[in-house]
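# Summary of structural features
Here is how the chains run, residue by residue.
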Amino acid sequence: MENTVQGTGKGKAVKIVMGLFSRKRKKEVPNVEERLWTDKSNYDKYENLDSEEELEENSDEEIDEEDCDREDEVYLRDKKEKLLFAEDCCEEILEASRRTAETKKEYKAVNGYLEDIRIITELEGEKKEALFYHTNRILNLKSDKESYRTYGTKIPESKYNYIQANEQKMPDILKELHEDESYLQTLKTDLHNIEGEKAGLAYERKDYDRRISMIRNCVGILLGTAALLLGGMFYFHLNSDYDFTIGIFASVAVVALVLCILIVMYQNCVKEIKLTERKINKAIGLLNKYKLLYVNMKSTVDYTCKKIGIRDSYELGNYWRLYVTAKKEQQAYAKMSDELYQEQKQFNDLIHSLNLYDESVWNFQMSAITNETEMKEIQDNLNKRKKGLRRTMDYNKKRSEKCKQKVKNLIKNEPELAPDILRIVEEKEKAI
């Protein structure tokens, strides 16, 4: 093969290399003037992506890549350096071709998105009304679902699990716990009342003891005074001319009367003390009974609260209300999800009927359908992306053509290198 190529001369060597990197390898070498490294198998699609107006508009744009396009002088002294230079050019051509192919795909996608926007914005009649209705409905349902999810009632997992496991019994559990707490509070109040009554009775008993002590003192004073008085009267009655008989009898009568009164008062006090003591004993009995009831009820309530993990029935009642609310929210959420699914299905069917380039993207930018400003922003961003992609394709095409021309010139100036360059090209194409 190498001898054949060398024998063909300068012109045929150039023709052989002009078939470099074509999409489909051919056994016959294409004509250099026909191919001329344009790689139309890739570029034809790119040329047809724009309308004539868009091509004219973009053709005036200059690629701002002056620094990258600046060519430095290369010194090629021997065959090895020339072949390395040709290999570098081939690699640049491959990279430019790869990048151009990727950019074309993205460019085609952007054009498809812009066409989709045009189709949607130019809708009229029933289709437009239906699309706007389903879009607004979906957006509202999603907003409501998000508010339910964000506002979702928060209940500790342990409390939620307990209430869920005893959902049917919860009214009875709440009622029983509330009644136990009320009874416990009643017992506590009764204990305080009994303690107060007991303290009052104890004070009353002390008061009666004080009265008995006073009565005893009075009796002692009365008897002492009466003894002195009667002794004096007897003394003067016997040793003087005066008659104290009436005085003695009168004094004895008064002392006896007062003594009787004091004795009656004493007996009454003793009776009241006994009655008070019986009341105190009864209060102590009630107090012990109520204390036992209170301790047992307190233990029952505390055990129930610890078992559930709450402080009181009010907290359990609050969790129960939250649970009921959460359950209603879950039901509403499920219903809303079903409605959203139906609306989404109708929206997807409607979008599908428009034969868009990519109907899936409108599920993520649905608000733009009903918002002209947002749709305009998306369109402007796509146009900016489109211009950037066009500049990238133009630049890579330019670089590829320059590299091809470099290899072409190298073959023209050094025809004996054609077989080696062809070998390099074949190796690069196999690596693709």
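You'll find the structure just up there.
Residues numbered from 1 in each chain as written. Predicted model: local features only at pLDDT ≥ 70, side-chain atom pairs only at ≥ 80, totals over all residues. Heavy atoms only, no water.

With that settled, the discussion passes to the overall build of the protein chain. In terms of regular secondary structure, the protein chain is built from 14 helices and zero strands. Reading the protein chain from its N terminus to its C terminus gives the helix and strand order α-α-α-α-α-α-α-α-α-α-α-α-α-α. Taken across its 432 residues, the protein chain has 33% of its residues classed as buried. Contacts in the protein chain between residues far apart in sequence, at least 24 positions, make up 81% of those at least 6 positions apart. Accessible area for the protein chain stands at about 28,400 Å²; split by element, carbon and sulfur atoms hold 52% of it. (Helix = DSSP H or I, 4+ residues; strand = E, 2+ residues; numbered from the N terminus. Buried < 20%, exposed > 50% of the residue type's maximum accessible area, 1.4 Å probe, protein only. Contact = heavy atoms within 4.5 Å. Areas by Shrake-Rupley, 256 points an atom, 1.4 Å probe, with all protein chains shown as cover.)

Moving on, we come to the packing of aromatic side chains. Applying the stated criterion across every chain yields a total of three aromatic pairs. Pairing Tyr113 with Tyr357 gives two aromatic rings, centres 5.7 Å apart and planes at 75 degrees, and the pair type is edge-to-face. A residue pair is termed long-range when its members are at least 10 positions apart, and Tyr113 in helix α6 (residues 79-121) and Tyr357 in the loop between α11 (313-352) and α12 (367-370) qualify at 244 residues. We classify Tyr113 as partly exposed; its relative accessible area is 21%. The class of Tyr357 is partly exposed, set by a relative accessible area of 43%. A connected cluster of aromatic rings, assembled from ring pairs, spans Tyr160, Trp320 and Tyr323. (Phe/Tyr/Trp six-rings, centres within 6.5 Å; stacked < 30°, edge-to-face > 60°.)

Across soluble globular proteins, you tend to see nonpolar side chains buried next to one another. Of all hydrophobic cores here, the largest spans 25 residues; its most connected members are Ile120, Leu131, Phe347 and Trp362. Secondary-structure elements contributing two or more residues to this core are α6, α7 (125-151), α11, α12 and α13 (372-413). Residues contacting Ile120, with those up to four places away along its chain left out, are Leu131, Leu354, Leu356, Trp362, Ile369 and Met375. Among the nonpolar cores identified, the runner-up in size contains 23 residues, and Ala283, Ile308, Leu316 and Trp320 belong to it. (Core = buried A, V, L, I, M, F, W, Y, C linked by side-chain atoms within 4.5 Å.)

This brings us to the environment of Glu115. Checked against the element boundaries, Glu115 lands in helix α6. Along the primary structure Glu115 and Tyr357 are separated by 242 residues, whereas in three dimensions their C-alpha atoms are 7.7 Å apart.

To continue, consider the environment of Phe234. As for its position among the elements, Phe234 is in helix α9 (residues 170-239). Separated by ten residues in sequence, Phe234 and Phe244 have C-alpha atoms that sit 7.3 Å apart.

Attention now goes to helix α8 (residues 157-165). Structurally, the α-helix is built with 3.6 residues per turn, so residues lying three or four positions apart point the same way. Those residues of α8 that sit buried are Lys159, Tyr162 and Ile163. One face of α8 carries all of its buried residues, which in axial projection span an arc of 95 degrees. Opposite its buried face, α8 presents the exposed residues Glu157 and Ala165, each directed more than 90 degrees away. Buried residues along α8 sit against α9, α10 (245-308) and α11. (Arc of directions from axis to C-beta.)

Packed helices, taken two at a time, are described by the angle between their axes plus the distance between the axes. Where α8 meets α11, the closest approach of the two axes is 10 Å, and the angle between their N-to-C directions is 80 degrees. As far as their axial angle goes, α11 and α8 are roughly perpendicular. Across from Lys159, Tyr160, Ile163 and Gln164 in α8, the residues of α11 making contact are Tyr319, Trp320, Tyr323 and Gln330. A breakdown of the residues in the contact of α8 with α11 according to their chemical character gives five nonpolar, two polar and one charged. (Axes fitted to C-alpha atoms, helices over the stretch in contact; angles between N-to-C directions. Parallel < 35°, antiparallel > 145°, perpendicular 65-115°, else oblique. Nonpolar A, V, L, I, M, F, W, Y, C, P; charged D, E, K, R; others polar.)

If you walk through the whole model with that rule in mind, you get 20 salt bridges. In this structure, the salt-bridge partner of Glu102 is Arg99, at a minimum N-O distance of 3.7 Å. Of this pair, Glu102 and Arg99 are both found in helix α6, three residues apart, which corresponds to roughly one turn of the helix. Using a relative accessible area of 37% as the deciding quantity, one classes Glu102 as partly exposed. Of the residues examined, Arg99 reaches a relative accessible area of 36% and is grouped as partly exposed. Look at the salt bridges and you will find they share partners, linking Glu95, Arg98, Arg99 and Glu102 into a network. (Salt bridge = Lys/Arg side-chain N within 4 Å of Asp/Glu carboxyl O.)

Together, Leu257, Ile261 and Met265 make up a nonpolar patch on the protein surface, roughly 290 Å² of accessible area in all. With respect to the helices and strands, the residue Ile261 is situated in helix α10. (Patch = residues over 30% accessible without salt bridge, like charges linked within 9 Å, V, L, I, M, F, W, Y side chains within 5 Å.)

At a minimum axis distance of 6 Å, the contact between α9 and α10 shows a crossing angle of 165 degrees. Overall, the two elements α9 and α10 adopt an arrangement that is roughly antiparallel. You can see that α9 and α10 cross each other, and the crossing is left-handed. A per-class count over the contact of α9 with α10 returns 42 nonpolar, seven polar and 16 charged. (Left-handed = near helix turned anticlockwise from the far one by under 90°.)

Turning next to the state of the cysteines. By the definition in use, this model includes zero disulfides. No disulfide involves Cys90; its sulfur sits 7.0 Å from that of Cys89, the nearest cysteine. By relative accessible area, which is 0% here, Cys90 ends up buried. (Disulfide = S-S within 2.5 Å.)

Honestly, that's just the spatial picture; any functional story needs more than this.
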